[in-house]
Amino acid sequence: MYIIAGLGNPDRQYEGTRHNAGFDVIDRIAEKYNIAVDTKKHRALIGKGIIEGEKVILAKPQTYMNLSGESILSLVDYYKIDTDEELIIIYDDISLGVGQLRIRAKGSAGGHNGIKNIIAHLGGQVFPRIKVGVGEKPSKMDLADYVLGHFSKEDKEEMEEGYKEAISAVEMMVQGDIQKAMNEYNRKKKEE
């Protein structure tokens, strides 16, 4: 079984913001696989389903971004999954171009408070993740204002492409092929 968690902030005011890219990917996966992500458990909205023959739990922690680890730890403990392989965290990254993906089997938080909190709660950095690029913050802009801001029309289109690729990466990862997902998506947009 896999837990696939997208990070974001609850509340309508955060819908469609850069920081909610993780939630947006979960919404697209839920739509594609007809999984209702509407059960409140483990301080998250969760939904159970099947992707590529594997049982999955889609999760959108409702703790607010900076406390994501509380919800993730509760899910991991309850479902007794191996975080090294069966947990996939999807979140926004300002160091990647809009819609660009970076897939890793492990790593540091890289300044992302949601990931920092997950690492602190899980007690380690080894868990697969999909970073979805939201573009670099303009130099004079406050980071919080940037990540809590909305995408331009052009960026929205790029993000939709990124979300489709993230779904495809998830499909590879639940089949146990993170390497294939990394080979496919970590090099992609650089070639253009």
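That block above? That's the structure.
Chemist: Residues and numbers for the overall build of the protein, please.
Modeler: Each helix and strand counted, the protein has seven helices and seven strands in total. Counted from the first residue to the last, the protein has its helices and strands arranged as β-α-β-β-β-α-α-β-β-α-β-α-α-α. The C-alpha radius of gyration computed for the protein amounts to 15 Å, which stays within 12% of the reference 16 Å derived for 192 residues, consistent with globular compactness. In terms of its C-alpha atoms, the protein occupies a principal-axis envelope of roughly 45 × 35 × 30 Å. Looking at the 192 residues of the protein, the share that counts as buried comes to 53%. Sequence separation of 24 or more characterises 69% of the internal contacts of the protein that already satisfy a separation of 6 or more. Of the roughly 9300 Å² of accessible surface on the protein, a fraction of 46% belongs to carbon and sulfur atoms. With 27 positive and 31 negative side-chain charges, the protein shows a separation of 2 Å between the mean positions of the two kinds.

Chemist: How would you sum up the pairing of strand E1 (residues 2-6)? Please name residues and give values.
Modeler: Each regular strand carries side chains that alternate between the two faces of the sheet. Of all five residues making up E1, five are buried, and the element is well covered by its neighbours. A two-sided burial pattern is seen for E1, the buried positions comprising Tyr 2, Ile 4 and Gly 6 on one face and Ile 3 and Ala 5 on the other. Pairing of E1 with strand E4 (residues 54-61) involves four bridges; the strand directions are parallel. Bridge pairing links Tyr 2 to Val 56 in E4.

Chemist: Tell me about unusual backbone geometry, and name the residues and values.
Modeler: Positive phi outside glycine occurs at Asn 34, with the angle close to 55°. In this fold, Asn 34 is placed in the loop between helix H1 (21-33) and strand E2 (39-41). You will see that Arg 43, though not glycine, has its phi angle at about 55°, which is positive. Within the secondary structure layout, Arg 43 lies in the loop between E2 and strand E3 (44-51).

Chemist: Report on the packing of helix H6 (residues 153-174) against helix H7 (residues 178-185), specifying residues and quantitative values.
Modeler: Where H6 meets H7, the closest approach of the two axes is 7 Å, and the angle between their N-to-C directions is 155°. Relative to H7, H6 is oriented roughly antiparallel. In this structure, H6 crosses over H7, and the sense of that crossing is right-handed. Along the contact surface, H6 presents Glu 165, Ser 168, Ala 169, Met 172 and Met 173, while H7 presents Ile 178, Lys 180, Ala 181, Glu 184 and Tyr 185. Of the residues that constitute the contact of H6 with H7, the class distribution is six nonpolar, one polar and three charged.

The rules behind the values
- Residues numbered from 1 in each chain as written.
- Predicted model: local features only at pLDDT ≥ 70, side-chain atom pairs only at ≥ 80, totals over all residues.
- Heavy atoms only, no water.
- Helix = DSSP H or I, 4+ residues; strand = E, 2+ residues; numbered from the N terminus.
- Rg over C-alpha atoms; globule rule 2.2 N^0.38 Å.
- Buried < 20%, exposed > 50% of the residue type's maximum accessible area, 1.4 Å probe, protein only.
- Contact = heavy atoms within 4.5 Å.
- Areas by Shrake-Rupley, 256 points an atom, 1.4 Å probe, with all protein chains shown as cover.
- Lys, Arg positive; Asp, Glu negative; His and termini not counted.
- Charge placed at Lys NZ, Arg CZ, Asp CG, Glu CD.
- Pairing = 2+ DSSP bridges.
- Axes fitted to C-alpha atoms, helices over the stretch in contact; angles between N-to-C directions.
- Parallel < 35°, antiparallel > 145°, perpendicular 65-115°, else oblique.
- Left-handed = near helix turned anticlockwise from the far one by under 90°.
- Nonpolar A, V, L, I, M, F, W, Y, C, P; charged D, E, K, R; others polar.

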